[in-house]
Structure formats: structure tokens, C-alpha cells
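The residues making up each chain are set out below.
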Amino acid sequence: GKKLTSFSYLGEEMVGSEVLVRGRVETNRTKSSRLGFLVLRERGLTVQCVATQSEATKVSANMIKYIKQLTKESVVDLIGIVVKPKDEVKGTTQKKVEIQVRKLYCVVRAPSNPPPLLVEDAARSEEESERPVANQDTRLNYRAIDLRTPANQAIFSIRCQVETAFREFLLFNDFVGINTPKLMAGGSEGGSAVFRLDYFGQPACLAQSPQLHKQMAICGGLQRVFEVGPVSRAEKSFTHRHLCEFIGLDVEMEILSHYSEIMDIVDELFVQIFTKLNERCTKELEAVGKQFPFLPLKFLPKTLRLTFAEGIQMLKDAGVEVDPLGDLNTESERKLGQLVLEKYDTEFYMLHRYPSAVRPFYTMPCEDDPRYSNSFDVFIRGEEIISGAQRIHMPEFLEKRAGECGIDLKTIEAYIDSFRYGATPPHGGFGAGLERVVMLFLALDNIRKTSLFPRDPNRLAP
Ligand code: 4AD
């Protein structure tokens, strides 16, 4: 009938009380036949438990033996008294109190030879460092076990906070959360490939983005919408930043007159997300930094905006030639990120007025020069996390642009009809990739680290 106490509640105010805890064995050792130590772990937190054989504690010699033969990672239930340790406890993840063991049960015994993933690279003893470090592929093959490391636990808490802060900001600013279909008749982004499937005999594919439906929601009068949902891309890219499935953070909104209104939302939204992460996730950020050292993201209270032409000029001044009507490649994006950091002291900025030729068919060209468009990308540490734009809301023009871009008009008929019959005000929005945001905020080297069970061209399991 006793209730479990979570490790996060174990504190000095509980000294003297008896608790029941469940944890995994991180370390187990005995000093003599009368004294044993267990360090238990729950999520990223650990607590030391001490078993002393004495009249007062009623712990038997058998219990000390039992502690000795436990295997690492076994799950145990333990009843004991919360005490203040003699020596000061160091570190942020180790609880500041100890537990004097009274009773101990092994719930599930772990095998004595688990894959060598749980040893944090940074925290390995010299003896252990002789063993090969598990590479990322091995870790991902055993992802369920790999997740137990403190850094991984922290990454997924941080990821959840990004999503939560995204929703909080948008709900506070009168956006409505929507869910759009993930089964579609055709692609929505042009260019990038789709996963094809059979839909009761009709060709179909997995949604490449909520683009068309989120715009149709604006057409329907929802005014400001957002979605957090899976996005599928059949791109055979083996890079550190591409997944075949990721979580899209999408926004679409009516605007009064200018696409800068969308950039204003991006600015306030992301400054708030970063600020909340720094406030709410101090322990998690520290846990990630211990395993994957990084410097906190530099961002300004008001996000820097440069035009694409200004960016090109900065690159040119630094000796990098790029096509003024083409796209930036990964390398030039990185380079520009460095130049922006040197000049403006920020690692978070926006680049707008992209050439029309490199944007999807639904993007609104600039009124003064249609070679450019009312669009933007947003960068963290020189890598893209967002692309956004004002959309074409005039049906004939939209149809014309889709045709020019080689889109099969039959697959987007309902979308164009929405504008034809639905008089839709000027609008626009953006899409961010959740995994990319987390990866780049934490300066991680690979997007797979921020996906629970990543999907890439070689990985469909686990
Ligand atoms: O640039 P993308 O393809 O833009 C769209 O999907 C538009 N519908 C957005 C809009 O509202 N205009 O994707 C948007 C973001 C990228 O900036 C990137 O963060 C992420 O989605 N992304 C990926 N993340 C992981 N793996 C991939 N293969 C990704 N492709 C895009």
C-alpha cells in the first residue's frame, strides 16, 4: 500500500521519513560484510543508498551479499529512511540526501553483459576507455538503452520544452492549433521527393508538409493557425541534418500588408523559446553540456534581419562568390553565419527577399521585382531551421505558378478552388523542423541525436 516517491521529491525536508523508491542500479559495491552501497538512478537523477548491518537497521548479512550480486541497470524497489549524508554531495544530478536501506527487492534483473552504451564517453574511467566507444549507429540500434544516458534524457526534456514553448506563445497570441491530413494525393512542396503509397487503388503519398491545408484553414477563416506534426521527406540525403521523417512546427496567418509581420512573429516566438529554455532547463542544459560540450546560443532581443542581397554582398566582400539569383549551399550558409556572428554578435538571424526561382510555387513574388520573393529563411549557428513566406492568394496566379513549376494541377485542384471560391486575404507563414531547432540550439553534431527513433534512408528500425 506504500506509494512510490519520485527522486525529484527527495530533499532535506524529507529527512527522517521512510520512503519507497524505484530505480535502476547505477553502481553497487560493498565495503565489508556489514556495509554496502547502491547508487540508484531514475531518469537523470541519482541517489546513494547505504545498507549497514546493525541492530538498529535490521539489515542482514544476506542483504549486503544481495547488493553485491546485483547487476547494473537492474530495476529495484527499495524502502529506507531519508538521511543527510556525512560528506557533502557534489554534482547537480546526484540528490543531496541519502537513503538508509531497510528493504530491497529486485523487480527485474538486467543481464550481466548489456551493450556497452551506458558508459558516458566523458565519464569513462581509464580502464573503460580501453573499450571502443559505441558509435552513433550502434547507439541507435539499441536506442531504448541508449536513451538512459543523462545527456539523452536531457535532450528529450529540452525538446519537449521547445514544443511546449512554441504552443504557449502561439496560443497566447490567438493562434488555433490544427491537425492536417498526413495522407495526400500528391506532394505539396514540389521538388523534394515523396513517399508513395497505394490508397485503395489510388496513388497517394505521405504529406511533405501541412502547407496546402494550413493555407486552406486560413481560407476557411481561422485567421491564425499552427500545427505540430510529422512531416515525411523521401530524400536520400545522408547528412547530419536531414531526416526522412521529422516533426514540423508550422504556422500560417493572415497579414495586413507585409510579410515582415510574419517575421515579427518568428522573432518574438523564438526569442521567447530560447529564453524559456535557458530559464526552465538549466539542469538539462548542464547534463547535455557534460556529454556534448557547447556554448550557449548567442541571440539578440530583437532578431537581426538581412536581405538576401545583403547576405550575398557580405559573402562577396569575404571572397565567396555566389549566384545572386540562386540558392545558398550549406557551405555558404555556414560562412555567412560566421560573418554575421563576427559583425553582429548573434548566432540567430533571418535572411529575407530570396530569389523566386529557389522558392516553392506558392511563394509571393516581390511587387517591385518579381525575380525576388516575399520569403525568408531563419538560421541558427549558420544552419537553416525555418523557411517562410507570404503566399499567393490569387487563384489564377497560383495556378499559373504551379503549372510553371511542373506541379500536377489535378492533385492540388481543391487547394486552388479554395482560393477561387473563398476570397482569402493576404497571408503567409513558416515551417520549422523541431529536431533541427533542438540540434542547433544545443550545437549537437547530428540531427539523429534529437529524434527518439530517427528515420533516414538506412534506418526503418527500431
Ligand atoms: O524548408 P521546408 O521544406 O519548408 C516547408 O515545408 C514550407 N511548407 C514551410 C513554409 O511554411 N513555408 O521545411 C521547413 C523546415 C526547414 O527549415 C527545416 O528546419 C525542416 O523543416 N526540414 C527538415 N528537418 C529535418 N529533415 C529534413 N529532411 C528536413 N527538411 C526540412
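Calculation criteria
- Residues numbered from 1 in each chain as written.
- Predicted model: local features only at pLDDT ≥ 70, side-chain atom pairs only at ≥ 80, totals over all residues.
- Heavy atoms only, no water.
- UniProt positions renumbered as here; feature names shortened; annotations may be inferred.
- Axes fitted to C-alpha atoms, helices over the stretch in contact; angles between N-to-C directions.
- Helix = DSSP H or I, 4+ residues; strand = E, 2+ residues; numbered from the N terminus.
- Parallel < 35°, antiparallel > 145°, perpendicular 65-115°, else oblique.
- Left-handed = near helix turned anticlockwise from the far one by under 90°.
- Contact = heavy atoms within 4.5 Å.
- Nonpolar A, V, L, I, M, F, W, Y, C, P; charged D, E, K, R; others polar.
- Near = heavy atom within 4 Å.
- Polar contact = N/O pair within 3.5 Å; in protein donor to acceptor, adjacent residues only side chain to side chain.
- Areas by Shrake-Rupley, 256 points an atom, 1.4 Å probe, with all protein chains shown as cover.
- Salt bridge = Lys/Arg side-chain N within 4 Å of Asp/Glu carboxyl O.
- Buried < 20%, exposed > 50% of the residue type's maximum accessible area, 1.4 Å probe, protein only.
- Pairing = 2+ DSSP bridges.
- Patch = residues over 30% accessible without salt bridge, like charges linked within 9 Å, V, L, I, M, F, W, Y side chains within 5 Å.
- Expected span 1.5 Å × (residues − 1).

- The protein has the name aspartate--tRNA ligase in an unreviewed UniProt entry, where Microthlaspi erraticum is given as its organism.
- Looking at the Sequence similarities (unreviewed entry) heading of the UniProt record, one finds this comment for the protein: "Belongs to the class-II aminoacyl-tRNA synthetase family. Type 2 subfamily."

Remarks on the packing of helix α5 (residues 211-219) against helix α11 (residues 413-422)
Packed helices, taken two at a time, are described by the angle between their axes plus the distance between the axes.
Working step 1: Running from amino to carboxyl end, α5 crosses α11 at an angle of 15 degrees, the nearest separation of the two axes being 10 Å. What the angle tells us is that α5 and α11 run roughly parallel. The way α5 lies across α11 gives a crossing that is left-handed. Between α5 and α11, the contacting residues are Leu212, Gln215, Met216 and Cys219 on the first element and Ala414, Tyr415, Ser418, Phe419 and Gly422 on the second.
Working step 2: Here the residues of the contact of α5 with α11 are counted per class, giving 6 nonpolar, 3 polar and no charged.

Structural notes on the site of the ligand
Working step 1: Lining the immediate environment of the ligand, one finds 24 residues, of which Glu189, Gln211, Lys214, Glu384 and Ile385 sit closest.
Working step 2: Within the side chain of Gln211, an N or O atom sits 2.7 Å from a nitrogen atom of the ligand.
Working step 3: A distance of 2.5 Å separates an oxygen atom of the ligand from a polar side-chain atom of Glu384.
Working step 4: In isolation the ligand offers 620 Å² of accessible surface; the protein chains occlude 91% of this area.
Working step 5: Elements supplying a minimum of two residues to the shell around the ligand: α5, β11 (245-254), β15 (383-390) and β16 (427-433).
Working step 6: No other element matches the 5 residues that β15 contributes to the shell around the ligand.
Working step 7: For the shell around the ligand, the per-class residue count stands at 8 nonpolar, 7 polar and 9 charged.

A few points about the pattern of salt bridges
Working step 1: Under the counting rule described, the total for this entry stands at 34 salt bridges.
Working step 2: The partner of Asp146 in a salt bridge is Arg139, with the nearest N and O atoms 2.8 Å apart.
Working step 3: Judged by its relative accessible area of 13%, Arg139 is buried.
Working step 4: A single network of salt bridges, built from pairs that share partners, joins Glu26, Arg41, Glu73 and Arg148.

Let's talk about the sheet that holds strand β13 (residues 348-352)
Working step 1: If you trace the 8 strands from one edge of the open sheet to the other, you get β6-β10-β11-β16-β15-β14-β13-β12, paired in mixed fashion. Each end of this open sheet is capped by a strand with a single partner; those strands are β6 (176-177) and β12 (304-307).
Working step 2: One ladder, built from 5 bridges, connects β13 with strand β14 (residues 375-380); its direction is antiparallel. Within β14, the position partnered with His352 by the bridge is Phe376.
Working step 3: α5 rests against β10 (224-232), β11 and β16 of the sheet, and its axis sits at about 25 degrees to β11.

Structural notes on the sheet that holds strand β4 (residues 75-83)
Working step 1: With respect to topology, 5 strands assemble into a closed barrel ordered β1-β2-β3-β5-β4, the strand pairing being mixed. Strand after strand, the sheet turns through a mean of 55 degrees between neighbouring axes, direction not considered.
Working step 2: In this structure, strand β3 (residues 45-52) lies alongside strand β5 (residues 94-108), joined through 4 bridges in parallel fashion. The residue bridging Gln48 from the neighbouring strand is Glu98, located in β5.
Working step 3: Of the strands in this sheet, β1 (18-32), β2 (35-42), β3 and β5 are in contact with helix α1 (residues 61-69), which crosses β5 at around 95 degrees.

What to know about a nonpolar patch on the surface
Working step 1: A cluster of nonpolar side chains, namely Leu183, Tyr199 and Phe200, defines an oily patch on the protein surface of about 370 Å² accessible area.
Working step 2: As for its placement among the helices and strands, Tyr199 is situated in strand β8 (residues 196-199).

Section: helix α4 (residues 150-172)
Working step 1: Spanning 23 residues, α4 covers 33 Å between terminal C-alpha atoms, matching the ideal 33 Å at 1.5 Å per step.
Working step 2: All buried positions along α4 are accounted for by Ala151, Asn152, Ala154, Ile155, Phe156, Ile158, Arg159, Val162, Ala165, Phe166, Phe169 and Leu170.
Working step 3: Downstream of α4 by a residue or two, Asp174 has a phi angle that is positive, lying close to 70 degrees.

Topic: the side chain of Ser451
Working step 1: Among the structural elements, Ser451 can be located in the segment after α12 (434-441).
Working step 2: On the basis of relative accessible area, Ser451 is assigned to the buried category, the value being 6%.
Working step 3: Non-local contacts of Ser451, meaning those with residues more than four positions away in its chain, are made with Arg143, Phe156, Arg159, Leu243 and Glu435.

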